Protein chains: 2
Amino acid sequence: MSIEKILLDHGSGGKASQSLIAELFLPHFQNPILASLDDSAVFDIKEDRIAFSTDTYVVDPIFFPGGNIGDLAINGTVNDLAMCGATPLYLSAGLIIEEGFSALELKRILKAMGEAARKADVLIVTGDTKVVPRGAADKIFVNTSGVGCIPQGVNISGHNACPNDKVIISGTIAEHGITILTQREGMTFESRIKSDTAPLNHMVCEMIAQNDHIHALRDPTRGGVGTVLNEIATQSNVGIRIYEEALPIRKEVSAICELLGFDPLYIANEGKLIAFVGPDVAEKVLETMKANEYGKDASIIGEVVDDSPGRVFMKTRIGGTRIVGMLTGEQLPRIC
Amino acid sequence: MSIEKILLDHGSGGKASQSLIAELFLPHFQNPILASLDDSAVFDIKEDRIAFSTDTYVVDPIFFPGGNIGDLAINGTVNDLAMCGATPLYLSAGLIIEEGFSALELKRILKAMGEAARKADVLIVTGDTKVVPRGAADKIFVNTSGVGCIPQGVNISGHNACPNDKVIISGTIAEHGITILTQREGMTFESRIKSDTAPLNHMVCEMIAQNDHIHALRDPTRGGVGTVLNEIATQSNVGIRIYEEALPIRKEVSAICELLGFDPLYIANEGKLIAFVGPDVAEKVLETMKANEYGKDASIIGEVVDDSPGRVFMKTRIGGTRIVGMLTGEQLPRIC
């Protein structure tokens, strides 16, 4: 009998859990490592240097233009691994499901996870599902953790940005956050804004293959571009100057931000990265990024300066300079 | 200013998130890998063979005799790694916190996580915190994932149990589940029953160091001893016979089970393991387990038989034989 609603039984660890796994999970995640169904996944990694990351997704709504909580969760952890220069290899999936959740919706989420994993060339090798009574969680939360290997010679960290580095963003900003916001508020702008959720690991791999002057990478998710630039400025103890007019942003996203009073610098992205690269190779890296489907709108947005360590400022369109602080307060809860 | 309540801000990824991490997390989890605060933790593992596991904890109540959701989450993933013969090394922590949750309670949980990690000799190297609006989650959920290395020559899996193997349990059963149940229902038995949550990795290490005839290990958490025995019987395609009178159980736990009509075979344990070992080494392995603080009540409870593959049966105290099935239905939601 096919499952229609997720019940407490399905999280019991007993017979119903096994049916859930066999009927819903395995068809989308099939691989020999997962299939052994031991307490841990076991695999070989030849490289010594390992990257390990975790992220939990509580996005509301769980389905949105451009994706759902499933592919968002896969891409998010893939990208966190890639931002350290790692090749993402193996992911885990930990689900918390509210009793009564639709099995059909769960299937859509698992399907998106499976497809996103295939696209990013990673395997989902281990998992866990808990079902909590109605009201104890809102629909579904997804944790993904991931393991990757770092090729020899790669040394990318938020601590490594250097004066004169160019700051490159891989594309237009603020799309994920604005998509979620407009969906949640039931705003029916006649627009085609959708989440930018995407796996960036292949683009990073191409960037790394080409040269070894990529110093820092980070994906501006929660907190947006403004917060991430501040993180790097602090970690690397450098100043960062960006140019407002260089920031790529879609007209409709910019318009909604203006209408609602949001600063796109603090709105979440889920398929963008910011790269800090040596000035001599910046144009070449930019070219490589533009050749990738997820980097076609890449552009240089600023540079690292050696005064004002720990601070970020922006040359505005009208010629002024303003300090870009970290996000303070919460603009949009449950954005990812 | 010290944090009193967890607010949505604390999950924003911005300034408040940084304060939360600096004030509450880092003091308990301090280590150089975590301190780099990049998108992934980066470390070296010399062994090629890696184990990787994930588990989410939604236990209710979050504080209980013997532990809280924090040490439960650390021990759980440490044990999942150990059950594959791995040496657990690095853990991640993914928290979902309900808006308004007490910072004091969060500190107690994080302190327990830090202490449990030190006891198990693992480092918490990466993490993520999401805060959801009031009512969207019940207090706090904790995901831990973990990475360990498997020493050369170790080959332990639920698929490896062999006919004639002895089945050893590391101690008295059903304590975690009965503790949670009695707490939740406000039952005030005059008893000292407490959760058995504990890290089993050091005991496993001692067992492995001694001999290479340990075929399968599993910790009987959700679903209990009955369900785990069925899993192994199915995975290894063998029959398993256990003896009711050999099952170690505290008198008071047994009494509560009888009173409430629960079968202790299906009640969760959080600091026990079941080992399948070659018959020639069983006594020696038992001795090693008994010498460890978490194995002092270890006992041989049965053996693997070559008829009835996939089935588990129990010789009862009164001399009969009954089939032990998998757990059907859900006895106790949010047990772990």
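The structure presented is a predicted model; accordingly, all values stated were derived computationally and were not measured.

1. Things to note about the packing of helix α5 (residues 175–184) of chain B against helix α8 (residues 251–260) of chain B
All names here are of chain B. α8 packs onto α5 with a crossing angle of 60° between their chain directions and a minimal axis gap of 10 Å. Viewed along their axes, α5 and α8 adopt a mutual orientation that is oblique. By crossing handedness, the relation of α5 to α8 is classed as left-handed. Facing E175, I178, L181 and T182 of α5, the residues of α8 in contact are V253, I256, C257 and L260.

2. What to know about the side chain of S299 of chain A
Structurally, the position occupied by S299 of chain A is in strand β12 (residues 299–305). A polar side-chain atom of S299 of chain A sits 3.2 Å from the main-chain carbonyl oxygen of A246 of chain A.

3. Section: the interface of chain A and chain B
With 76 residues of chain A at the interface, the matching set in chain B holds 76 residues. In total, about 6,000 Å² of surface goes out of reach between chain A and chain B, with carbon and sulfur atoms giving 54% of it. For chain A, the biggest contributors to the area lost against chain B are D39, F52 and R222 of chain A; these three give 13% of the whole. Connecting chain A to chain B are 43 residue pairs in polar contact (both at pLDDT 80 or more). Elements with a minimum of two residues in the side of chain A that touches chain B: α1 (15–29), β1 (41–44), β2 (49–57), α3 (69–82), β5 (87–98), β6 (123–132), β7 (140–149) and α7 (224–236) of chain A. The element that contributes the greatest number of residues to the side of chain A that touches chain B is β2 of chain A, accounting for eight residues.

4. Here's the deal with the pattern of salt bridges
Tallied over the entire structure, the rule returns 38 salt bridges over all chains. Salt-bridge contacts for R218 of chain B lead to D38 of chain A; the nearest nitrogen and oxygen are separated by 2.6 Å. Here R218 of chain B, found in strand β9 (residues 214–218), pairs with D38 of chain A, found in the loop between α2 (32–35) and β1, and the two come from separate chains. Overall, R218 of chain B belongs to the buried group, its relative accessible area being 2%. Notably, a salt bridge pairs K130 of chain B with D55 of chain A, separated by 3.1 Å at the nearest N-O pair. Here D55 of chain A lies in strand β2 and K130 of chain B lies in strand β6 (residues 123–132), a pairing that spans two chains. For the pair K130 of chain B and D55 of chain A, one class covers both residues: buried. Bridged by salt links that share partners, the residues D38 and D39 of chain A together with R218 and E231 of chain B form one connected network.

5. Details of the relation of the copies chain A and chain B
When chain A is fitted to chain B, the residual RMSD is 0.0 Å, and the transformation amounts to a turn of 180° plus an axial shift of 0.0 Å. The two molecules are tied by a two-fold rotation axis, judged by turn and shift. Closest to the rotation axis within chain A is the C-alpha of A137 of chain A, separated from it by 2.1 Å. Same-surface contact between copies: 100% of interface residues of chain A are shared with the interface of chain B.

6. Re the domain arrangement of chain A
Residue and element names in this part refer to chain A. Taken domain by domain, chain A consists of domain 1 (38–150) and domain 2 (166–323). Each side of the interface is counted separately: domain 1 has 21 residues, and domain 2 has 22 residues. Per-residue buried area on domain 1 facing domain 2 is highest for P65, N79 and M83; these three make up 32% of the total on that side. The interface formed by domain 1 and domain 2 includes zero salt bridges. Summed over the shared surface of domain 1 and domain 2, the number is eight residue pairs in polar contact (both at pLDDT 80 or more). Those elements that provide at least two residues to the side of domain 1 that touches domain 2 are α3 and α4 (103–120). No other element matches the eight residues that α3 contributes to the side of domain 1 that touches domain 2. Classifying every residue of the side of domain 1 that touches domain 2 gives ten nonpolar, six polar and five charged.

7. Regarding unusual backbone geometry
With omega at 5°, the peptide bond leading from D60 of chain A into P61 of chain A counts as cis. Along the chain, the position of P61 of chain A falls in the loop between β2 and β3 (63–64). Phi at R334 of chain A is positive, roughly 55°, even though this residue is not glycine. Within the element layout of this structure, R334 of chain A appears in the segment after β14 (321–323). Accessibility expressed as a relative area gives 6% for R334 of chain A, which makes it buried. The backbone of K139 of chain B sits at a positive phi, close to 65°, despite the residue not being glycine.

8. Re the packing of aromatic side chains
Across all of its chains, the model carries seven aromatic pairs over all chains by this definition. Judged by centre distance (6.0 Å) and plane angle (85°), the rings of F25 of chain B and F29 of chain B are edge-to-face. Residue F25 of chain B and its partner F29 of chain B are both found in helix α1 (residues 15–29); the two are separated by four residues, about one turn of the helix. Among the residues examined, F25 of chain B registers a relative accessible area of 8% and is labelled buried. Considering the side-chain rings of F43 of chain B and Y90 of chain B, the 3.9 Å spacing of their centres and the 25° angle between planes classify their relative orientation as stacked. Remark: Y90 of chain B occurs in strand β5 (residues 87–98) and F43 of chain B occurs in strand β1 (residues 41–44); sequence separation between them is 47 residues. Residue class for Y90 of chain B comes out buried when judged on its relative accessible area of 13%. Through a chain of ring-to-ring contacts, the aromatic side chains of F43, F52 and Y90 of chain A together with F43, F52 and Y90 of chain B assemble into a single cluster. In this structure, R108 of chain A packs its charged tip against the face of F63 of chain A, placed 3.8 Å from the ring centre.

9. Looking at the pairing of strand β13 (residues 312–315) of chain B
Residues and elements named next belong to chain B. For strand β10 (residues 239–243) and β13, the ladder comprises four bridges, and the chain directions are parallel. Within β13, the position partnered with I240 by the bridge is V312. Here three bridges tie β13 to strand β14 (residues 321–323), and the two strands are oriented antiparallel to one another. Directly across from M314, in β14, lies its bridge partner R322. Connecting β13 to the next strand, β14, in antiparallel fashion are five residues, including G319 with a positive phi near 100°.

Cut-offs and rules
Residues numbered from 1 in each chain as written. Chains lettered and ligands numbered in written order. Predicted model: local features only at pLDDT ≥ 70, side-chain atom pairs only at ≥ 80, totals over all residues. Heavy atoms only, no water. Axes fitted to C-alpha atoms, helices over the stretch in contact; angles between N-to-C directions. Helix = DSSP H or I, 4+ residues; strand = E, 2+ residues; numbered from the N terminus. Parallel < 35°, antiparallel > 145°, perpendicular 65-115°, else oblique. Left-handed = near helix turned anticlockwise from the far one by under 90°. Contact = heavy atoms within 4.5 Å. Polar contact = N/O pair within 3.5 Å; in protein donor to acceptor, adjacent residues only side chain to side chain. Buried area = accessible area lost by both parts, 1.4 Å probe. Salt bridge = Lys/Arg side-chain N within 4 Å of Asp/Glu carboxyl O. Buried < 20%, exposed > 50% of the residue type's maximum accessible area, 1.4 Å probe, protein only. Least-squares fit on C-alpha atoms with pLDDT ≥ 70 in both. Domains from an automatic or database assignment. Nonpolar A, V, L, I, M, F, W, Y, C, P; charged D, E, K, R; others polar. Phe/Tyr/Trp six-rings, centres within 6.5 Å; stacked < 30°, edge-to-face > 60°. Lys NZ or Arg CZ within 6 Å of the ring centre and 35° of its normal. Pairing = 2+ DSSP bridges.

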